[in-house]
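Notes for the structure review
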Amino acid sequence: MIHTLSVLVENKPGALVRVCQLFARRGYNIESLAVGPTERHDVSSITLRVNCDKQPLEQIEKQMHKLVNVLRVRELEAGDAVERELALISIAAPPERRPELMALADVFNARVADVGPESMVFEVVGEPEHIDSFEELLRPHGIRELSRTGRIGLRRASVRRANRQRVLQ
Amino acid sequence: MNGADAVLRSLEAEGVEVAFGLPGGAILPVYDAFARGSTVRHVLARHEQGAGHMAEGYARASGRTGVAIATSGPGATNLVTPIADAWMDSTPLVCITGQVRSHLIGTDAFQECDITGVTTPIVKHSWLVQDVEEIPHVLKAAFHVARTGRCGPVLVDIPRDLQEAEIDFRYPDEVELPGWRPPVRGHARQIAEAARRIAAAEKPVLYVGGGTLNADACAELLALAEAGRLPVVTTLMAKSAFPETHELHFGWPGMHGPKWSNLAINSCDVLVSVGARFDDRVTGKLDAFAPGATVVHLDIDAAEIDKLRRADVPVVGPLKQILGDLAAQVRTLRESGRTSSPEAWLRRLTEWREEFPLRYGNAGDLKPQKVMETLQALTAGRDDVVWTTGVGQHQMWAMQYLLCDRPRSFITSGGLGTMGYGVPAAIGAKAARPDATVVCVDGDGCFQMTCQELATAVLEDLPIVTVVVNNGYLGMVNQWQSMFFEERRSHVHLTHAVPDYAALAEAYGAAGFTVSDEGGLEKTLSEALSCGRTAVVDARVDAHEQCFPMIPAGAAAVDMLEYEDPEPAPTPIKAVGA
């Protein structure tokens, strides 16, 4: 089963490696990974998705808590979190196909980030499933290149209070 | 003052008495600082692996943090084995390595190695120092992390230019580690529940691990066992945590533990795990380990709870406090008279111990077990003997036959199973306990991995006695090939005679002894133990002797293989590629 973890780490060299290594040594592949700054300059946020059974995941979370640079580990449960991802998709777009592509983009609130003679680049932001759908519909048109950020997430304000007890310690 | 001086002033501020190391290019400024003077004694090893194991032996014998120093590249990689060993056995260890100059890092410079990268999975934390001003803060944090929570190794990698840079030294009072919050107290409600379960048990067992020694909680353990009349089994790592001549001590669990110890665990109704980690060498087949028992799991490390065995009553926190509280509560519950009595259970355990003693045959050559029994007889009642071992058959016999009453008097490599640990660990232990007679019970395979440290023992005036249980084989591998590979012995024959261990000892300026018969055994060992010098006893023992009882890897305790009388005729040995 796929799990999403939100990990706050000190913004120090090696912090990311130490977190990822806990998965790698057990043979789990990280499906997506997003790292970036937070509201505090000395703290970074790691959001990672991993396909892993519940029991080993709990063990990995406990090991993560023991890492000196890790400040907080939290599993983002589906529905309890706001999750977003950004994708850039370069697609074959000869002039005669462009109106159709533009119409499709419009439905998904995608923007045109760049246009060339034979191709264009869409930029789309949304829930990861939303991007999956857009990607599927574009695929028959010939995707040349695609890059996704990996999802980032925050627990929904509405469930924070109720779930305080579940914060792993 | 420069960064190198700051390193030594930091070690002094931490109260470090002794550091074990070997100099080289990237750590030269630190050694130059040693030349300027320090209260820290430096013990010069012959190999960085030796330095690392010495620091471990020192830590194990003293309860303090061991310090090892090495240069960059090969010096640092030679420390990897001791670091992994300290990781597996939770030994507090601070390793300080030199690194190439900052501007050369990442350029494949001479003797460059990304040692923080190499050791990531086997340290609690590591630091690559980026600025000379960080040195005191990083070292303060390093000692703090190594010794708090679950003990373990840390590494501090210092580029050479930072060792040479000027610093205005001030040692910090506090550490700033917002992400490092080891538990400080066990939960009161959980402790109360644990006390109730223990007191209500009809067949309780305290399954004690090395965490008890690290927590300095041996007195509290004794108090709990006596308050509740609770039988104690100690794992290899916990050997000496509970007095082994005490009536409540019932041996050592696991692969080569006596039958009575494994029967105790197998039949108990409440298993109290005290700083132990359900290692596969203890449990064998996990499902068949203490089947049906309620598990009370006490540990400083929350990650141990439910890792291998589900805990019914987990208590996370420092064992000293938890065991102290439990002892008081169990005593109160017992005094209330409303608890079950473990006396019938204790009688049964005692019967098992009498019914299934450790056995071995006497036919043929000198038996290794006889060497152990003689060592035990010669040292019985002394509280100034510290044992160390290598890894293999001799280690298991040492576990079975040497009885240790004083905490930290048995030092061995458990989790990693590091051959060659014994001699350097003994030197480290001697540095910690100069008053003690430190004896390394070693195998001939192990001894040949680190025997160059005899030079360290002799020249640094850290005399140790090594008893080489010399069966001429990589004995445990030989045993496995005999038992599980249809006696196809492949590359295990070392021979009794090459090298001549007594002559080798003398070449190092130590005393050398050779004994190969029971008649001369006691006299030779006695002489070696009392000679006051570094000594090596080459005890040439039966090449075919196997270590029993044995629970084959992955098997259940009930499928234990036992010594059988009469002894089967020795199989002629056909060594392959010997």
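Computed from a predicted structure; not experimentally measured.

Here the focus is the overall build of chain B. A count of helices and strands for chain B gives 23 helices and 19 strands. Considering chain B as a whole, with its 578 residues, one finds that 56% of them fall into the buried category. Considering only residue pairs separated by 6 or more positions, chain B has 78% of its internal contacts joining residues 24 or more positions apart.

Let us now look at the sheet that holds strand β13 (residues 410–411) of chain B. Residue and element names in this part refer to chain B. In space, the 6 strands of this open sheet follow the order β13-β12-β14-β15-β18-β17, with parallel pairing throughout. Two strands in the sheet have a free side with no partner beyond their single neighbour: β13 and β17 (511–515). With respect to the sheet, helix α18 (residues 422–432) is in contact with β12 (385–389), β13, β14 (437–443) and β15 (465–470), its orientation differing from that of β14 by roughly 170 degrees.

Counting residues at the interface gives 13 residues for chain B, matched by 16 residues for chain A. Looking at side-chain class alone, the side of chain B that touches chain A contains 8 nonpolar, 4 polar and 1 charged residues.

Bringing the domain arrangement of chain A into the picture now. Residues and elements named next belong to chain A. Taken domain by domain, chain A holds domain 1 (2–76) and domain 2 (82–152). Taken together, the 7 residues of domain 1 in the interface contact 4 residues of domain 2. Where the side of domain 1 that touches domain 2 is concerned, the elements lending two or more residues are β2 (30–37) and β3 (43–51). A per-element tally of the side of domain 1 that touches domain 2 places β2 first, with 4 residues. Looking at the side of domain 1 that touches domain 2, its residues break down into 2 nonpolar, 4 polar and 1 charged.

Turning our eyes to something else, we now look at the nonpolar core. Note that soluble globular proteins tend to have their nonpolar side chains buried in a common cluster. Residues and elements named next belong to chain B. With 197 residues, the main nonpolar core has Ala142, Val156, Ile198, Val208 and Val467 as its most contacted residues. The leading source of residues in this core is helix α7 (residues 135–147), at 8 residues. When residues no more than four places from it in sequence are discounted, the contact partners of Val467 are Val371, Leu375, Val439, Val441, Asp442, Leu525, Val537 and Ala539.

What follows deals with the environment of Val154(B). All names here are of chain B. On the secondary structure map, Val154 appears in strand β6 (residues 153–159). Classification of Val154 by C-beta neighbours within 10 Å gives buried; the count is 28. Filtering out sequence-adjacent residues up to four positions away, Val154 remains in contact with Val94, Val123, Lys124, His125, Ser126, Ala142, Val145 and Ala146.

Parameters and conventions
Residues numbered from 1 in each chain as written. Chains lettered and ligands numbered in written order. Predicted model: local features only at pLDDT ≥ 70, side-chain atom pairs only at ≥ 80, totals over all residues. Helix = DSSP H or I, 4+ residues; strand = E, 2+ residues; numbered from the N terminus. Buried ≥ 20, exposed ≤ 12 C-beta atoms within 10 Å, placed from the backbone. Contact = placed C-beta atoms within 7 Å. Pairing = 2+ DSSP bridges. Axes fitted to C-alpha atoms, helices over the stretch in contact; angles between N-to-C directions. Nonpolar A, V, L, I, M, F, W, Y, C, P; charged D, E, K, R; others polar. Domains from an automatic or database assignment. Core = buried A, V, L, I, M, F, W, Y, C linked by C-beta atoms within 7 Å.

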